[in-house]
Amino acid sequence: MEYFFELLFSGLTRGSIYALIALGYTMVYGIIGLINFAHGEMYMIGAFTALIVSSVLTIYGLPLPAILVLTALAAAVWAGAYGFTVERLAYRPLRNAPRLAPLISAIGMSIFLQNYVLLAQTPDFVPFPALIPEFAFLEPYGGIVGSSDLVILAVSALVMAALTLLIKYTRIGKAMRATAQDQKMALLVGINVDRIISLTFVVGSALAAIGGLLIASHIGQINFAIGFLAGIKAFTAAVLGGIGSIPGAVLGSFVLGLTEAFATGYVSSDYEDVFAFSLLVLILIFRPAGLLGKAAVEKV
Amino acid sequence: MSHTRHFLLGLAALALSVCTANPARAAEPIRIGVAGAHSGDLASYGLPTLQAVRLVVEEINAKGGINGAPVELLVEDDGCKPEIATNSATKLVSGGAKAVIGHICSGATRAALPIYRAAKVLVISPSATTPALTQSGEYPYFFRTIAADNTQAANQVEFALHTLNAGKIAVLHDKGDYGKGLAEYAQSLIEQSGKAQVVLFEGITPGAVDYSAVVQKIKRSGAEAVLFGGYHPEASKLVGQMRQKRLAIPFVSDDGVKDDTFIKVAGKDAEGVYATGPTDVSTNPLTKAYREKFRQAEGTDPGAFFDNAVAAALALTNAIAKAGSADPEAVAHALRTEEVATPFGAIKFDARGEPVGIGFSIYQVNNGQFVQVR
């Protein structure tokens, strides 16, 4: 039974890691119906920004929680700026182009950003400091769950709640939903659609950056390519849960993470991807819109 | 450019030596072939070995040759391509080579060996590491002065069984050719030994965000040591998460992990990790002497397999001298029985043609550095 709980917690850790990235994916898709393949790169750039900022702050000798908060802010702002720029350069000029065109330019952006970081930073893995402090109360359970596992879990729950509130109850959220329903009509009622879409990208990228910071701190190493695999897995999770649906992204991530953990634990880690992707195929056969996606919901 | 020039020089030397075969000489020269990639994209593997053989042979000829007979080199460029290697081998055999130092690449060596076997020519490769070349037993006159790919696994298993005294071992790999090959070999060695059991054999997905599930599995298996075949990014994540989940058993890995980046990334978790790596020979006086000669001749540091090629040339010429003839049976016997001083220290060869004394050592991370433990 203890083994079951150990696996449960590693599944939850993996799931919440995927959820942090999947939330941004699903939000951008929900608003403008575009899969932002450069999202994984925002995660990677967030992690690199966090590394640089936290190293500088450590030199100034700030306490660990302060470093964590300031670094998260800096990474979110910086990645948000990247998101804004990417949208301006790669997506806005293609707003009225066929759907395939922005998809290709998104992939191009992803390749460009990876290679840019490879050249500007380093092709090697670099160590990432453990920014999440060790909680004393977790000491007796250290073999099962660590403090970074808990923090990632809590942050992804928090972000899910905040995003839901933002979209449901604020003016901006209303404008986002209007844009999602019909861009032309939204324009006619006086919504600055371009600004709303930019904002969506900025928020999505900032979320990815915070994910990058927390996950890098959990794993302890980063390089230019980390966004790719994490992005693919998070994308899978978002589709599994129903792309465009915010609770769906979280649910899909946990289903994916738990499947992988239990497949590893009870079968073999050789087959974790086989199980994860078989599950995806099965779910899409029986629920083509994903677990929580409804065929019409993405446009509501 | 310079590769082509070397190649042309080699050809010219060959042509000259054939033209000037001097009937007035006291003894018939002993012809030794040198085959490998001397041009093309893998020339950086072949040229240092050619230079190494030349340095050794020059020295021997300056001292009057082997038992009075001068040594003559026949040089063939195979470009590391199996289809060219068969031609090179045929040319060397028909040119009268009594023994061949080469080839450089495992694929080319494997293609050329049947021709040498048919002609009873002894072959000694400084760099072909595919285990089957010696271990298949098909080529009794094939030797090498480099450790085979699976030597590392043998070293790891030996270390885990006899130094760490582990009775239960978890073997992990990264599903890649290199890592999985090592892991499979280690698994079969552990099972053959009968001293320990493999309680877990698993491949992990490189680049995954979290390995805690597999770490919990290792914990549950009751393993007393982990052998990991793969590279340092996964190794540092695995070790980090093992320590996080309070799993303090020894971690033994390979030369894909024996890299300073591993220590840099894994930080304090790297402490105590074992990894195999080529034995450090840079303090051996012979190594220093030959490397210095190379630097004087070429103006740069010697490249890959230079030390191995010096060892091959020294072992071969020594064996011919001890055997008193270039007959392959006698030379092979001498290679197996007579120790010879090389850049790797004193070496000889086992019955299969593997070098005894060239190989991997076990290193351990100690205060942020790999320290050779045995």
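Model, not experiment: these values are computed from the prediction.

Visitor: Is there a simple way to explain the sheet that holds strand β9 (residues 251-253) of chain B in this structure?
Guide: Paired through backbone hydrogen bonds, the strands of a sheet run either parallel or antiparallel to each other. All names here are of chain B. Taken together, the 7 strands give an open sheet; going across it, the order is β7-β6-β8-β9-β10-β14-β15, and neighbouring strands pair in mixed fashion. A strand with exactly one partner marks an edge of an open sheet, and here the two such strands are β7 (197-203) and β15 (369-372). Across the sheet, the mean angle separating the axes of adjacent strands is 30° when strand polarity is ignored.

Visitor: Help me understand the state of the cysteines in this model?
Guide: Here a disulfide denotes one covalent bond, and it connects the sulfur atoms of two cysteines. All names here are of chain B. All told, the structure shown has 1 disulfide over all chains when counted by the stated rule. Linked covalently through their sulfurs, Cys80 and Cys105 form a disulfide whose S-S length is 1.8 Å. Linking Cys80 and Cys105, the disulfide has an S-S dihedral of approximately 75° and is accordingly described as right-handed. In this pair, Cys80 sits in the loop between β2 (71-77) and α3 (82-94) while Cys105 sits in the loop between β3 (99-101) and α4 (106-119), placing the two residues 25 residues apart along the sequence. Residue classification places Cys80 among the buried positions, given a relative accessible area of 11%. Classification of Cys105 as buried rests on a relative accessible area of 15%.

Visitor: What is the right way to look at the nonpolar core in this model?
Guide: The nonpolar side chains of a soluble globular protein tend to be buried, and buried together. Residues Tyr43, Tyr91, Phe128 and Ile222 of chain A are the most contacted members of the largest nonpolar core, which totals 82 residues. Looking at which element gives the most residues to this core, the answer is helix α1 (residues 2-32) of chain A, with 13 residues. With 46 residues, the next largest nonpolar core counts Ala312, Leu316, Ala332 and Leu335 of chain B among its residues.

Visitor: Would you mind showing me how to read the sheet that holds strand β12 (residues 345-349) of chain B here?
Guide: Residues and elements named next belong to chain B. With antiparallel pairing, the 3 strands of this open sheet are ordered in space as β11-β12-β13. Looking along the sheet, the strands with just one partner apiece sit at the ends: β11 (340-342) and β13 (355-356). Here β11 pairs with β12 via 3 bridges, running antiparallel. For Ala341, the partnering residue across the bridge sits in β12 and is Ala346.

Visitor: Could you clarify how one ought to interpret the packing of aromatic side chains in this entry?
Guide: Each aromatic ring pair is specified by the distance between its two centres and by the angle formed by the two planes. One pass over the full model with this rule turns up 16 aromatic pairs over all chains. For the pair Phe135 of chain A and Phe137 of chain A, a centre-to-centre distance of 5.7 Å together with 5° between the ring planes defines the contact as stacked. Exposure remark for Phe135 of chain A: the relative accessible area of 27% places this residue in the partly exposed category. Their ring planes at 70° and their centres at 5.0 Å tell us that Phe294 of chain B and Phe306 of chain B sit as a pair that is edge-to-face. With Phe294 of chain B in helix α11 (residues 285-298) and Phe306 of chain B in helix α12 (residues 306-323), the pair connects residues that are 12 residues apart, well separated along the chain. Aromatic rings pair up to connect Tyr3, Phe4, Phe5, Phe262 and Tyr266 of chain A into one cluster. Across from the ring centre of Tyr290 of chain B, 4.9 Å away, lies the NZ or CZ of Lys293 of chain B, which sits over that ring.

About the cut-offs
- Along every chain, residues carry numbers that run from 1 in the direction the sequence is written.
- Both sets of labels track the order of writing: A upward for chains, 1 upward for ligands.
- Totals for whole chains, interfaces and linings use every residue, but because this is a predicted model, local features are given only for residues with pLDDT of at least 70 and side-chain atom pairs only at 80 or more, for both listing and counting.
- Only heavy atoms go into the side-chain values, all of them from the structure, while hydrogens and water stay out.
- The criterion for strand pairing is that DSSP finds at least two bridges linking the strands in question.
- What counts as a helix is a DSSP run of H or I of at least four residues, what counts as a strand is a run of E of at least two, and both are numbered from the N terminus.
- Each axis is a line fitted through C-alpha atoms, and for a helix only the stretch in contact is used; angles between axes span 0 to 180 degrees, taken between their N-to-C directions.
- Only a pair of cysteine sulfur atoms within 2.5 Å counts as a disulfide in this structure description.
- Only protein chains enter the accessibility calculation, which uses a 1.4 Å probe; a residue whose area is less than 20% of its type maximum is buried, one above 50% is exposed, and one in between is partly exposed.
- What is meant by a nonpolar core is a set of buried Ala, Val, Leu, Ile, Met, Phe, Trp, Tyr and Cys residues, joined one to another through side-chain atoms within 4.5 Å.
- Stacked, tilted and edge-to-face pairs are distinguished by plane angle, under 30 degrees for stacked and over 60 for edge-to-face with tilted covering the rest, among Phe, Tyr and Trp rings (Trp via its six-membered ring) whose centres lie within 6.5 Å.
- Distance and angle both matter: a charge sits over a ring if NZ of Lys or CZ of Arg is within 6 Å of the ring centre and within 35 degrees of the ring normal.

None of this, on its own, says anything about what the molecule does.
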